[in-house]
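The residues making up each chain are set out below.
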Amino acid sequence: MKILKTTAINLAAMMVCAWLTFSPTISNGSTEPGDTEANNSFGIRYAYSMSGLSWKHMFNQVNHFEAFILPISNNFEKQFNYYGGRYIHNFPQTAFPFTPFVFAGVGLSTYSRFIPEDSQNSVPIDSGKYFAYSIGQGVEFKLGNHLSLSGDVAISKFNNEPNQMLGIIRLGCGVQYVIR
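Residues numbered from 1 in each chain as written. Predicted model: local features only at pLDDT ≥ 70, side-chain atom pairs only at ≥ 80, totals over all residues. Heavy atoms only, no water.

A. Up close: the pairing of strand 6 (residues 78-90). As judged from the eight bridges shared by strand 5 (residues 63-73) and strand 6, these two strands associate in the antiparallel manner. Counterpart to Phe65 in the pairing with strand 6 is Tyr87. Of the strand pairs in this sheet, strand 6 and strand 7 (residues 98-113) are connected by 13 bridges, and their pairing is antiparallel. Considered in strand 7, the bridge of Tyr83 is made with Leu108. (Pairing = 2+ DSSP bridges. Helix = DSSP H or I, 4+ residues; strand = E, 2+ residues; numbered from the N terminus.)

Dropping the structure here:
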């Protein structure tokens, strides 16, 4: 129940941030009328046994900020949830159909470990909240004007438990719907 409450609060905070920064278009430095680019997108994100929602704000073509709420864990025995954000620095180019990027992120990770034999028992044998961080690189593929796919690899630290995801190399992917 606490996780659902935290998820609802974080989702509301993300929506408020999107509303405060939303403007359908921003200028990209051109003086041509109608020559604009989108500055917000929403999507679905998967990152090493966690999935959830994301919101991205594009300050310009190079600098982006992405916020995550990843409350859905895919492993019953070790449940991880992540709430945070990351700064993304793009390397725009036109020679290829994708845009490479690097990122650094921080957030809050919650962790619960359950007894493997007792899948009916919903009481964790240990749990905690930890400062989490990640650094990495990835690529984004534009699939038309409103849709993009991204994939990344990162070195992440989600908790302080021994042998539990300390400095793990994590793969992530996402789908974003760009608001125009």
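B. Quick peek at the side chain of Thr110. Tracing the sequence through the fold places Thr110 in strand 7. Residue Thr110 is classed as buried on the basis of its relative accessible area of 14%. Excluding its chain neighbours within four sequence positions, the residues that come into contact with Thr110 are Gln79, Phe80, Asn81, Tyr83, Gly128 and Lys129. (Buried < 20%, exposed > 50% of the residue type's maximum accessible area, 1.4 Å probe, protein only. Contact = heavy atoms within 4.5 Å.)

C. The arrangement of the nonpolar core in detail. In terms of nonpolar packing, the biggest core is built from 10 residues, these being Ala47, Met50, Phe68, Leu70, Phe80, Tyr82, Tyr111, Tyr130, Ala132 and Phe158. Every element with two or more residues in this core is listed here: strand 5, strand 6 and strand 8 (126-142). (Core = buried A, V, L, I, M, F, W, Y, C linked by side-chain atoms within 4.5 Å.)

D. Summary view of empty space enclosed by the protein. Taken as a whole and judged by the stated rule, the model has three cavities of 30 Å³ or more. Sorting the residues of the lining of the largest cavity by element identifies strand 3 (40-47), strand 5, strand 6 and strand 7 as the ones contributing at least two each. Of all the elements, strand 6 adds the most residues to the lining of the largest cavity, at three residues. Residues of the lining of the largest cavity, tallied by class, amount to seven nonpolar, four polar and three charged. In this structure, the second largest cavity encloses a volume near 50 Å³. Elements that contribute at least two residues to the lining of the second largest cavity include exactly strand 4 (50-58), strand 6 and strand 10 (168-179). With three residues, the single largest contributor to the lining of the second largest cavity is strand 10. (1 Å grid on protein atoms, 1.4 Å probe; cavity = no way out; pocket = protein on both sides within 12 Å on 5 of 7 lines; lining within 4 Å. Points joined across faces, edges and corners; volume = space filled by probe spheres on them. Nonpolar A, V, L, I, M, F, W, Y, C, P; charged D, E, K, R; others polar.)

E. Molecular detail of the pairing of strand 3. As paired strands, strand 3 and strand 4 are joined by eight bridges and run antiparallel to one another. Paired with Phe42 across the strands is Trp55, a residue of strand 4. Where strand 3 hands over to strand 4, the hairpin turn is made up of two residues, of which Tyr48 adopts a positive phi near 35°. With eight bridges joining them, strand 3 and strand 10 adopt antiparallel strand pairing. By the bridge assignment, Ser41 is partnered in strand 10 with Val178.

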